[in-house]
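Residue strings, one per chain:
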Amino acid sequence: KEKLNMELFEKIKDTAFIALSVVQEGNTLILGDRYANTHLDGRLLQTPFDYILTIYDNDLGVERELKAPLKDSEKIYMEILFIEKCLNKLREVMGDYHLVFEDD
């Protein structure tokens, strides 16, 4: 079970994220928004039985939690990829929005 977890953590850390930052602290991966388009705080915690992914958006004041058994690590990985995709969309939109304020 421990080996499965380390494989997931390594897979996440080896992914070439653009908008999402990932730092390991013991049995937890800390997730954040590299571009500060949102104030995302995330944690992926390993327990002896499962993974617990908690995502909190400080701007909206909402939290979401996803639990998956160790054997279903792909479910957690796909959720993290979805978060990355959404953050990249935000980054693109914010870039376009900032163009409105640029001088010609």
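All of the points below concern the structure found in this document. (Residues numbered from 1 in each chain as written. Predicted model: local features only at pLDDT ≥ 70, side-chain atom pairs only at ≥ 80, totals over all residues. Heavy atoms only, no water.)

## Overview of the pairing of strand S1 (residues 20–25)
Part 1 of the argument: Judged from the six bridges that link them, S1 and strand S2 (residues 28–33) form a sheet pairing that is antiparallel. Within the sheet, the bridge partner assigned to Val23 lies in S2 and is Ile30.
Part 2 of the argument: Linking S1 to S2, which pair antiparallel, is a turn of two residues; within it Gly26 sits at a positive phi near 65 degrees. (Pairing = 2+ DSSP bridges. Helix = DSSP H or I, 4+ residues; strand = E, 2+ residues; numbered from the N terminus.)

## Topic: the side chain of Asn88
Part 1 of the argument: By the secondary structure assignment, Asn88 is in helix H2 (residues 73–99).
Part 2 of the argument: In this view, Asn88 contacts Ile18 and Ala19; residues no more than four positions away in its chain are not counted. (Contact = heavy atoms within 4.5 Å.)

## Examining the pairing of strand S5 (residues 62–69)
Looking down a regular strand, the side chains alternate between one sheet face and the other.
Part 1 of the argument: Note: strand S4 (residues 50–57) against S5, eight bridges, orientation antiparallel. Bridging from a neighbouring strand, Thr54 pairs with Glu65 of S5.

## As for a nonpolar patch on the surface
Part 1 of the argument: The grouping of Tyr97, Val100 and Phe101 at the surface amounts to a nonpolar patch, some 370 Å² of accessible area in total.
Part 2 of the argument: Tracing the sequence through the fold places Phe101 in the segment after H2.
Part 3 of the argument: Residue Phe101 is classed as exposed on the basis of its relative accessible area, which comes to 58%. (Patch = residues over 30% accessible without salt bridge, like charges linked within 9 Å, V, L, I, M, F, W, Y side chains within 5 Å. Areas by Shrake-Rupley, 256 points an atom, 1.4 Å probe, with all protein chains shown as cover. Salt bridge = Lys/Arg side-chain N within 4 Å of Asp/Glu carboxyl O. Buried < 20%, exposed > 50% of the residue type's maximum accessible area, 1.4 Å probe, protein only.)

## Overview of the side chain of Asp57
Part 1 of the argument: Summarising the element assignment, Asp57 is placed in strand S4.
Part 2 of the argument: Buried charged residue Asp57 carries no salt bridge. Nearest counter-charge: Arg64, at 12 Å.
Part 3 of the argument: Separated by 2.7 Å, the side chain of Asp57 and the backbone nitrogen of Leu60 make a polar contact. (Lys, Arg positive; Asp, Glu negative; His and termini not counted. Polar contact = N/O pair within 3.5 Å; in protein donor to acceptor, adjacent residues only side chain to side chain.)

## Concerning the nonpolar core
Part 1 of the argument: Membership of the largest hydrophobic core comes to 21 residues, with the highest contact counts inside it found for Ile12, Leu20, Leu44, Leu53, Ile76 and Ile80.
Part 2 of the argument: Listed by contribution, the elements that provide at least two residues to this core are helix H1 (2–14), S2, strand S3 (40–46), S4, S5 and H2.
Part 3 of the argument: Per element, the largest residue contribution to this core is five residues, and it comes from H2.
Part 4 of the argument: Those residues within four positions of Ile80 in sequence are excluded, and the remaining contacts are Ile12, Phe17, Leu20, Leu31, Leu44 and Leu53. (Core = buried A, V, L, I, M, F, W, Y, C linked by side-chain atoms within 4.5 Å.)

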